[in-house]
Amino acid sequence: MNSETHEIISRVNLAKTDSGEADKLISDYMPFIKAETAKFLNRSPDKSDDELSIAMFAFYEAIRNYSKLRGSFLKFAAMHIKNRLIDNYRREKRNSGNVSLYTSDDEKTELIDSISDTRDDYGEIEAREATKQEIAELSVQMADFGVSFTDIADNSPKQQRTLEICGRAVRYARNNPTILEDFLRTKRVPIAALAEGTGAERKTLERHRKYLVAMLLICTNGYEIMRGHIMQVLKGGENN
Amino acid sequence: MKYVVMQCCKGYAVLMDEESKFVFAANQGFEVGQIIINPVIMTNDRNDNRNITAVIKVIAAAAACVAIITGMGYSYYAQNLKTYSVVTITSDSAISMELNKTGKVIRLTSDTDYGKEIIEKTDIKGMDKLTAANEILQTEISDGHISNGDTVDVYVSGSDTAKTDSLRTELENELPKLDLKVNIHDGKAGKHDKVKTPEKDKDIPLHEKNKAENIKDNKNDKAPAPPVTTATAPAHKHDEVKPAVSEPAAAPVPPVNADKESLNDKKEPQGNPVPDEVVPPVADIPLIEGEKPVPPQAPDMNEKPAKHDKDDTGNEKPVLPHHNREAAEGNAEVPLKEQVHKELPKTDFVKKEDI
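Not measured: the values here are computed from a predicted model.

**Structural notes on the packing of aromatic side chains**
Thought 1: In the structure shown here, the tally under the stated rule is 13 aromatic pairs over all chains.
Thought 2: Between Phe 40 of chain A and Tyr 89 of chain A the ring centres are 6.5 Å apart and the planes differ by 75°, which places this aromatic pair in the edge-to-face class. With Phe 40 of chain A in helix H3 (residues 30–41) and Tyr 89 of chain A in helix H5 (residues 73–94), this pair connects stretches of sequence that are 49 residues apart.
Thought 3: Between Tyr 60 of chain A and Phe 24 of chain B the ring centres are 5.9 Å apart and the planes differ by 55°, which places this aromatic pair in the tilted class. With Tyr 60 of chain A in helix H4 (residues 50–65) and Phe 24 of chain B in strand S3 (residues 22–26), this pair bridges two chains. Like Phe 24 of chain B, Tyr 60 of chain A is buried.
Thought 4: Through a chain of ring-to-ring contacts, three or more aromatic side chains come together here, namely Tyr 29, Phe 32, Phe 59, Tyr 66, Phe 73 and Phe 76 of chain A.
Thought 5: Positioned over the ring face of Phe 145 of chain A is Lys 187 of chain A, at 5.4 Å from the centre of the ring.
Thought 6: Here Lys 82 of chain B stacks its cationic end above the ring of Tyr 84 of chain B, 5.8 Å away from the centre of that ring.

**Points about the interface of chain A and chain B**
Thought 1: If you look at the interface, chain A gives 46 residues, while chain B gives 40 residues.
Thought 2: Both sides together, the interface formed by chain A and chain B hides about 3,600 Å², and carbon and sulfur atoms give 59% of it.
Thought 3: Contact with chain B buries surface across chain A, with Phe 57, Arg 128 and His 229 of chain A losing the most and accounting together for 18% of the total.
Thought 4: Our count for the chain A to chain B interface comes out at one salt bridge.
Thought 5: Between Glu 31 of chain B and Arg 128 of chain A there is a salt bridge, with the nearest N and O atoms lying 3.6 Å from each other.
Thought 6: The element best represented in the side of chain A that touches chain B is H4 of chain A, accounting for nine residues.

**Looking at the nonpolar core**
Thought 1: Ranked by internal contacts, the top residues of the largest apolar core, which has 76 residues, are Ile 33 and Phe 59 of chain A together with Met 6 and Phe 22 of chain B.
Thought 2: With ten residues, H4 of chain A is the largest single contributor of residues to this core.
Thought 3: For Met 6 of chain B, the residues in contact, after removing those within four places along its chain, are Ile 135, Leu 138, Phe 149 and Met 226 of chain A together with Val 14, Leu 15, Met 16, Phe 22 and Val 32 of chain B.
Thought 4: One finds Ile 95, Ala 133, Val 156 and Leu 175 of chain B within the second-largest nonpolar core, a separate group that totals 26 residues.

**So, the pairing of strand S6 (residues 95–99) of chain B**
Residues and elements named next belong to chain B.
Thought 1: For S6, the tally of buried residues reaches five of five residues, placing the bulk of the element in the interior.
Thought 2: Neither face of S6 is exposed, since Ile 95, Met 97 and Leu 99 on one face and Ser 96 and Glu 98 on the opposite face are all buried.
Thought 3: Relative to S6, strand S5 (residues 85–89) runs antiparallel, the two being bridged by five bridges. Opposite Val 87, over in S6, you have Met 97 as the bridge partner.
Thought 4: Hairpin connection from S5 to S6: five residues lie between these consecutive antiparallel strands, with Ala 94 at a positive phi of about 50°.
Thought 5: Joining the antiparallel neighbours S6 and strand S7 (residues 105–110) is a turn of five residues, in which Gly 103 adopts a positive phi near 90°.

**Some points on the side chain of Thr 88 of chain B**
All names here are of chain B.
Thought 1: When you line up the elements, Thr 88 lands in strand S5.
Thought 2: Here Thr 88 falls in the buried class, since its relative accessible area comes to 11%.
Thought 3: Only 3.2 Å separates the side chain of Thr 88 from the side chain of Ser 96, close enough to count as a polar contact.

**Digging into the packing of helix H7 (residues 121–144) of chain A against helix H13 (residues 209–219) of chain A**
All names here are of chain A.
Thought 1: Relative to each other, H7 and H13 sit at 130°, their axes nearing to 10 Å. Classed by the angle they form, the pair H7 and H13 counts as oblique. The way H7 lies across H13 gives a crossing that is right-handed. Across the interface between the two elements, Leu 138, Gln 141 and Met 142 from H7 touch Ala 214, Leu 217 and Ile 218 from H13.
Thought 2: Residue classes in the contact of H7 with H13 are distributed as five nonpolar, one polar and no charged.

**Points about unusual backbone geometry**
Thought 1: Residue Ser 20 of chain B is not a glycine yet carries a positive backbone phi of 65°.
Thought 2: Relative accessible area serves as the criterion here: at 2%, Ser 20 of chain B is assigned to the buried category.

**Side note on the environment of Arg 43 of chain A**
All names here are of chain A.
Thought 1: With respect to the element layout, Arg 43 can be found in the loop between H3 and H4.
Thought 2: The class of Arg 43 is partly exposed, set by a relative accessible area of 40%.
Thought 3: Here Arg 43 is in contact with Ala 38 and Asp 49, once residues within four sequence places are set aside.
Thought 4: At 3.0 Å, the side chain of Arg 43 and the side chain of Asp 49 are in polar contact.

Basis of the calculations
- Positions within a chain are numbered from 1, following the residues in the order the chain's sequence is written.
- Chain letters and ligand numbers both follow the written order, the letters beginning at A and the numbers at 1.
- In view of the model being predicted, local features appear only for residues whose pLDDT reaches at least 70, and side-chain atom pairs are presented and counted only at 80 or more, with totals across whole chains, interfaces and linings using the full set of residues.
- Side-chain numbers come from the whole structure's heavy atoms, not from hydrogens or water.
- Aromatic contacts are taken between Phe, Tyr and Trp rings whose centres are within 6.5 Å, Trp giving its six-membered ring; a plane angle under 30 degrees counts as stacked, one over 60 as edge-to-face, and the others as tilted.
- Numbered from the N terminus, helices here are DSSP runs of H or I no shorter than four residues, and strands are runs of E no shorter than two.
- Note on exposure labels: buried denotes an accessible area under 20% of the residue type's maximum, exposed denotes more than 50%, and partly exposed covers the range between, all computed with a 1.4 Å probe on protein chains only.
- Remark: a charge is flagged as sitting over a ring if the NZ atom of Lys or the CZ atom of Arg is within 6 Å of the ring centre and within 35 degrees of the ring normal.
- Two residues qualify as a contact provided that any one of their heavy atoms is within 4.5 Å of a heavy atom in the partner residue.
- Using a 1.4 Å probe, buried area is obtained as the accessible area two parts lose upon being combined, added over both of them.
- Salt bridges are identified by distance alone: a Lys or Arg side-chain nitrogen within 4 Å of an Asp or Glu carboxyl oxygen.
- Throughout this description, the term nonpolar core refers to a set of buried Ala, Val, Leu, Ile, Met, Phe, Trp, Tyr and Cys residues connected via side-chain atoms within 4.5 Å.
- One bridge is not enough; two strands pair if DSSP finds at least two bridges between them.
- Two N or O atoms count as a polar contact when they lie within 3.5 Å, although within protein this holds only if one can serve as hydrogen donor and the other as acceptor, and sequence-adjacent residues are included solely when both atoms are side-chain atoms.
- Helix axes use the C-alpha atoms of the stretch in contact, all axes being lines fitted to C-alpha atoms, and the angles between their N-to-C directions lie in the range 0 to 180 degrees.
- An angle below 35 degrees is read as roughly parallel, one above 145 as roughly antiparallel, one from 65 to 115 as roughly perpendicular, and any other as oblique.
- With the far helix as reference, a near helix turned anticlockwise by less than a right angle produces a left-handed crossing, and one turned clockwise produces a right-handed crossing.
- Think of it as three bins: nonpolar holds Ala, Val, Leu, Ile, Met, Phe, Trp, Tyr, Cys and Pro, charged holds Asp, Glu, Lys and Arg, and polar takes everything else, Gly as well.

If you want it as structure tokens, here you go:
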């Protein structure tokens, strides 16, 4: 029992930094996650249930937030899953006045069938494919810098003020192509030049180095869709 | 807000919002590149708060530990190391014993070499106050610094009056067991408090004692003792002035003007010891056999002064003090003191070398 506890804790500690190990741990503890979801739903969950995906996400959150002070990991994870499911239930309850598109009056035709579909599904699929390609390219280029999306999500600014400082640095780099060229050539974030050019604290930029790598890469050629998505951020630069 | 799915894993997905913020969200069957509107986003706020709480708990525990250790340390210090009272034995050793709350000797000090010697020689530190006091006095008795029947003053001082009183009572009860006369006093001892020996002349003041000793020494050397006692002026004009020290019978008194003598006597120094170079009046000095007495030489007023000044004609004239010069020139009145000084013979004090 004691050795099992130690094994889980060591695996959890490993999964905190390694996303592959986290996926493996989630797969291994899938029955536990399903059991906890079933306790909440009072039925066995399907693969398509949102509750199950939220429970898996809650399990991943528990992995990231766990420390020895919190006691047994499985109890901590169970509590986390339960809380997440309750939060999701409350959020869904707020939208309870809305009618689902998949409800049917006469059990033959659903509501969605009666509404005219103006969306261009093919265009949407093509756009998604193009975005997917861009993201794949970005992922490969980021790997050259030793950065993954999980790292960036960990390193992303949380406060609005910090986000604005980083956005200012990105805009400054975009307006000075030499900085971006140096960045691609040396594979180093020009923190000193960015700090000097924007008047930002060098320490602040240093803390978000990985995030700046992703953002500066997006600013280089070849990532039109991504740049279009964050145009709001990049537009601020044009105003400055 | 719209989110682009950047990465999909089994338990979570990484999304990027329109403000270029990357977030973790629940992977509700997403695909990379998909646009999401209302995802379930991971929040870490609660975790951070808990971390802060844990840090605060650790700091509070550490502070409590420090407070407990400090309290215990202070109580130990107050009980064992803090000085509550001081007992000073004013014997030759002049040892001061600093006592703690329980009456144990924690520190010993002495200004005298003998006291320091006793402190080094005996292991009094840590002893009970009475044992330590007995030990010191017995050591002094054995060393011969105190003899039986001597009086020793013991001073007791302390911040706590009740404690000091009880300490005093204990000392009063216990110390008389020695064959000494022990006087216990409150307060601190003076620097010159010493053992009082039961001698006949113990009440004679120190300067009187010294005078007697000087007389004794002078007699042994066959030299007259200096007049240490104050010579009083004669009640009558013709009264003879008797010197304080007995005058040798053989010494004839030279004829001296009585008035002048009485005035001279008045000018004698009062009480202070006579300087080495100044000897008593010639009349008091015993003469060697066969030698004729030399009458005191009055100063020759016509004798030229050591320093001379020259007048307009080139003749030398004596240099006088400013006011004397004025008097000589008739510009100022000569004060009475100066007049008396001039009239007086200056032979009362002669230098040793002259004799």
